[in-house]
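Summary of structural features
This is what each chain is made of:
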Amino acid sequence: TSGHIESLTLGVAGFGGQTKFWESSVESQAYFPIDDEHKYVFNPSFSAAMIRPYSKSSIPLWRRYSLGGIGSMRGFDSVGISLRDPTTKEAVGAENQIRASANLFFPMPFMTGTSGIRWLVFADAGTVWGSVSTTVGNQAINVSEPFSLSRVRYAAGFGLEWISPIGPVGLSWAFPIKTVQGDLQRTFEFLLGGSF
């Protein structure tokens, strides 16, 4: 119900390997109780990341950025926001991403004595951008997309969370507000796992 965490990371891959890239990210998340009993809690978060190749290498597809899903961009599928192959429309990822989120947690009406169960309403925003030059099979793919505020996606929704003995268990219903052609949407999601 209260506290904050900030992180700055820098990683380098490729010493002794064929794929060489470096990555940097910054993240901030906080919980602010609104009332004296900590039943109403505001939870904003922000993250940004970038990844770049070096030594004439390339970034593997599985390491490039896409957004979507709980912990990323609710209302979109797991690779719902991504640069896409112009021919196949498959996600090819991006070099940069930025994301912001705001949650408001509050107790269930008539169930104030039920430990660990709470509702939330939320809003998410985020986008990815950059350029990708790679080969899939025999096909060369070159995709470039500059940063643009007009391509920032937005979504809002509500959910139910239970802080169980094995970690958070949650249900989320999200509704995209701003989309871009090619985005993949997902309204309902189930969460089982850890979080700050």
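Details of the structure are given in the entry above.
Once a new chain begins, its residue numbering starts again from 1 and follows that chain's sequence as written. Only residues with pLDDT of at least 70 get local features here, since the model is predicted, and only at 80 or more are side-chain atom pairs given and counted; chain-wide, interface and lining totals rely on the full set of residues. Working from all heavy atoms in the structure, the side-chain values ignore hydrogens and water.

Concerning the overall build of the protein chain
If you tally the helices and strands in the protein chain, you get 0 helices and 9 strands. Here a helix means four or more residues in a row that DSSP labels H or I, a strand means two or more in a row labelled E, and each is numbered from the N terminus. Its helices and strands in sequence order give the protein chain the pattern β-β-β-β-β-β-β-β-β, from N to C terminus. Along the first, second and third principal axes, the C-alpha set of the protein chain runs to 60 × 35 × 30 Å. Residue contacts follow a heavy-atom distance rule, with two residues in contact if any of their heavy atoms lie within 4.5 Å. A fraction of 60% describes how many contacts in the protein chain between residues 6 or more apart in sequence connect residues 24 or more apart.

What to know about unusual backbone geometry
Despite not being glycine, lysine 56 has its phi angle at roughly 60°, a positive value. In this fold, lysine 56 is placed in the loop between strand E3 (41-53) and strand E4 (96-107). Classification of lysine 56 by relative accessible area gives exposed; the value is 89%. A positive phi angle, close to 70°, is found at lysine 89, a residue other than glycine. As for its position among the elements, lysine 89 is in the loop between E3 and E4. Burial classification: accessible surface area is computed with a 1.4 Å probe over protein chains only, and a residue below 20% of its type maximum counts as buried, one above 50% as exposed, and the rest as partly exposed.

Considerations on the pattern of salt bridges
Salt-bridge detection follows one rule: a side-chain nitrogen of Lys or Arg within 4 Å of a carboxyl oxygen of Asp or Glu. Evaluation of the coordinates by the stated rule reveals 7 salt bridges. One salt bridge in this structure joins glutamate 23 and arginine 63, with 2.2 Å as the shortest N-O distance. Of this pair, glutamate 23 sits in strand E2 (residues 21-33) while arginine 63 sits in the loop between E3 and E4; the two residues are 40 residues apart in sequence, bridging distant segments of the chain. By relative accessible area, which is 22% here, arginine 63 ends up partly exposed. Aspartate 183 is the salt-bridge partner of arginine 153, the closest N and O atoms lying 3.0 Å from each other. In this pair, arginine 153 is assigned in strand E7 (residues 153-164) and aspartate 183 in the loop between strand E8 (167-178) and strand E9 (188-192), connecting sequence segments 30 residues apart. Looking at aspartate 183, the relative accessible area reads 12%, which means it is buried.

A short note on a nonpolar patch on the surface
Patch rule: a residue counts if its relative accessible area is over 30% and it has no salt bridge; like charges are joined within 9 Å, and nonpolar side chains (Val, Leu, Ile, Met, Phe, Trp, Tyr) within 5 Å. Here the accessible surface of atoms and residues is derived via Shrake-Rupley with a 1.4 Å probe, and residues count as covered only by protein chains that are part of the display. Nonpolar side chains collect at one region of the surface, where Phe32, Ile34, Tyr40 and Phe42 lie side by side and expose about 400 Å² of accessible area between them. Secondary-structure assignment places tyrosine 40 in the loop between E2 and E3.

Here's the deal with the packing of aromatic side chains
Two rings from Phe, Tyr or Trp (for Trp, the six-membered ring) form a pair when their centres are within 6.5 Å of each other. A pair whose planes differ by under 30 degrees is stacked, one over 60 is edge-to-face, and the rest are tilted. Considering all chains together, one arrives at 4 aromatic pairs under this definition. The interplanar angle of 20° and the centroid separation of 6.3 Å between the aromatic rings of tyrosine 31 and phenylalanine 105 together place this pair among those described as stacked. Here the residue tyrosine 31 occupies a position in strand E2, and phenylalanine 105 occupies one in strand E4, the gap between them amounting to 74 residues. Each member of the pair, tyrosine 31 together with phenylalanine 105, is buried. Ring plane angle 65° and centroid distance 4.8 Å describe the contact between tryptophan 129 and phenylalanine 147, whose orientation is recorded as edge-to-face.

Concerning the nonpolar core
In this description, a nonpolar core means a group of buried Ala, Val, Leu, Ile, Met, Phe, Trp, Tyr and Cys residues linked to one another through side-chain atoms lying within 4.5 Å. Counting 17 residues, the largest nonpolar core has Ile81, Leu83, Val92 and Val128 as its most contacted members. Every element with two or more residues in this core is listed here: E3, strand E5 (117-136) and strand E6 (139-145). Among residues more than four places away in sequence, those in contact with valine 128 are Tyr65, Ser66, Leu67, Ile81, Ser82, Leu83, Ala94, Asn96, Gln97 and Glu145. Counting 6 residues, the second-largest nonpolar core is a separate cluster that includes Tyr31, Phe105, Phe122 and Ala174.

A few points about the environment of valine 41
Following the sequence through the fold, valine 41 ends up in strand E3. Each C-alpha atom of the pair valine 41 and phenylalanine 15 lies 44 Å from the other, and the pair is 26 residues apart in sequence. The contacts of valine 41, once residues within four sequence positions are left out, are Thr1, Tyr31, Phe32, Pro33, Asn103, Leu104 and Phe105.

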